[in-house]
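# Report on the structure
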Amino acid sequence: MEKQKLVIFSIITLLVINLGTLGFLLFSGPKKGHFPPDDGRPKPREIIIEQLHLDAQQVADYEVLIRQHRKQITATEDKIRDAKNELYLLLNSTTVDATKKDSLVNTLAQYQKEIELIHFNHFNYIKKLCKPEQLDEFSELTEELSRLFSKPPKP
C-alpha cells in the first residue's frame, strides 16, 4: 500500500509540474529574437503606398516590384555570406594569403555596391509607377529614404 501511495503522489507531482511548464510557455509570450520585432514603426511598404497615394493597380505593380527586389537582395546577401565565410576561413591557416584576403574584401565591397544599386533601381522603378501628379510626393519621399529604411538604433 505504501508503494502505491508513492507512485500516485509522484504521478500527480509530475502532472502538476508539466501543467505549470505548459502554462508558463503559453502565457509568457514570445521572447526577443523569436519573431521579427515590432518597434511600432510603419513598414516601408505602407509608408510608400500612403505617401504616394498609390491606386489599386499601382499597389499590385508595386507588390511585384517588392518581390523582385527581395529576391535580388536575398541572392546578393547570400553571396556576401559565402564570401565572408571564405574570408574568415583564411584565419584557420597558419599564414594568411594576403592576395586572397584582399580579393575577398574587394568582392565583398562589390557585392555591397550591387546592393546599393539594387535599392536605387528599385526606387527608380517605383518612380516609373508614379503618375505625373504623384511625382512631387515621390520627391518628398526621396528626401526621407535614408531615415525610413535605416535600422533603429540598438539599445
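Residues numbered from 1 in each chain as written. Predicted model: local features only at pLDDT ≥ 70, side-chain atom pairs only at ≥ 80, totals over all residues. Heavy atoms only, no water.

### Looking at helix α1 (residues 2–27)
With 26 residues, α1 should cover 38 Å at 1.5 Å per step; its first-to-last C-alpha distance of 38 Å lies within 8% of that length. With respect to burial, α1 is a largely exposed element, only 1 of its 26 residues being buried. (Helix = DSSP H or I, 4+ residues; strand = E, 2+ residues; numbered from the N terminus. Expected span 1.5 Å × (residues − 1). Buried < 20%, exposed > 50% of the residue type's maximum accessible area, 1.4 Å probe, protein only.)

### Here we look at the confidence of the model for the protein chain
On average, residues of the protein chain score 85 in pLDDT, and 86% of them reach the 70 mark or higher. The spread of mean pLDDT over the elements of the protein chain runs between α1, the lowest at 82, and helix α3 (residues 56–89), the highest at 95. (pLDDT = per-residue confidence, 0-100.)

### A look at the environment of A83
With respect to the helices and strands, the residue A83 is situated in helix α3. For the pair formed by A83 and V105, sequence separation is 22 residues and the distance between their alpha carbons is 8.3 Å. Apart from residues no more than four positions distant in its own chain, A83 is found in contact with L104, L108 and Y111. (Contact = heavy atoms within 4.5 Å.)

### Observations concerning the nonpolar core
Residues I48, L52, L54, Y62, I126, F138 and L141 are the most contacted members of the largest nonpolar core, which totals 17 residues. Of all elements in the fold, only α2 (44–52), α3, α4 (98–129) and α5 (135–148) reach the threshold of two or more residues within this core. When near neighbours in sequence (up to four residues on either side) are disregarded, F138 contacts L52, F123, I126, K127 and C130. One finds A83, L87, L90 and L104 within the second-largest nonpolar core, a separate group that totals 10 residues. (Core = buried A, V, L, I, M, F, W, Y, C linked by side-chain atoms within 4.5 Å.)

### A closer look at the packing of α4 against α5
The interhelical angle for the contact between α4 and α5, taken along N-to-C directions, is 160 degrees, at an axis separation of 10 Å. One element, α4, and the other, α5, form an angle in the roughly antiparallel class. Along this stretch, α4 crosses α5, giving a crossing that reads as right-handed. Taking contact as the criterion, the partners of F123, I126 and K127 in α4 are, on α5, L135, F138 and L145. Among the residues forming the contact of α4 with α5, the class breakdown is 5 nonpolar, no polar and 1 charged. (Axes fitted to C-alpha atoms, helices over the stretch in contact; angles between N-to-C directions. Parallel < 35°, antiparallel > 145°, perpendicular 65-115°, else oblique. Left-handed = near helix turned anticlockwise from the far one by under 90°. Nonpolar A, V, L, I, M, F, W, Y, C, P; charged D, E, K, R; others polar.)

### Side note on α4
Taking 1.5 Å of rise per residue, 32 residues should cover 46 Å, and α4 covers 47 Å from first to last C-alpha, within 8% of that figure. The complete set of buried residues in α4 reads L104, L108, Y111, I115, I118, H122, F123, I126 and L129. Looking at the packing, one finds that the buried side of α4 touches α2, α3 and α5. Put simply, D97 is the residue that caps the front of α4, since its side-chain oxygen is 3.2 Å from the backbone nitrogen of T99. (Polar contact = N/O pair within 3.5 Å; in protein donor to acceptor, adjacent residues only side chain to side chain.)

### Considering the side chain of H69
With respect to the helices, strands and loops of the structure, H69 is situated in helix α3. A relative accessible area of 14% places H69 in the buried class. Here the side chain of H69 touches H119 through a polar contact of 2.9 Å, side chain to side chain. Residue contacts for H69: discarding those within four places in its chain leaves I118, H119 and H122.

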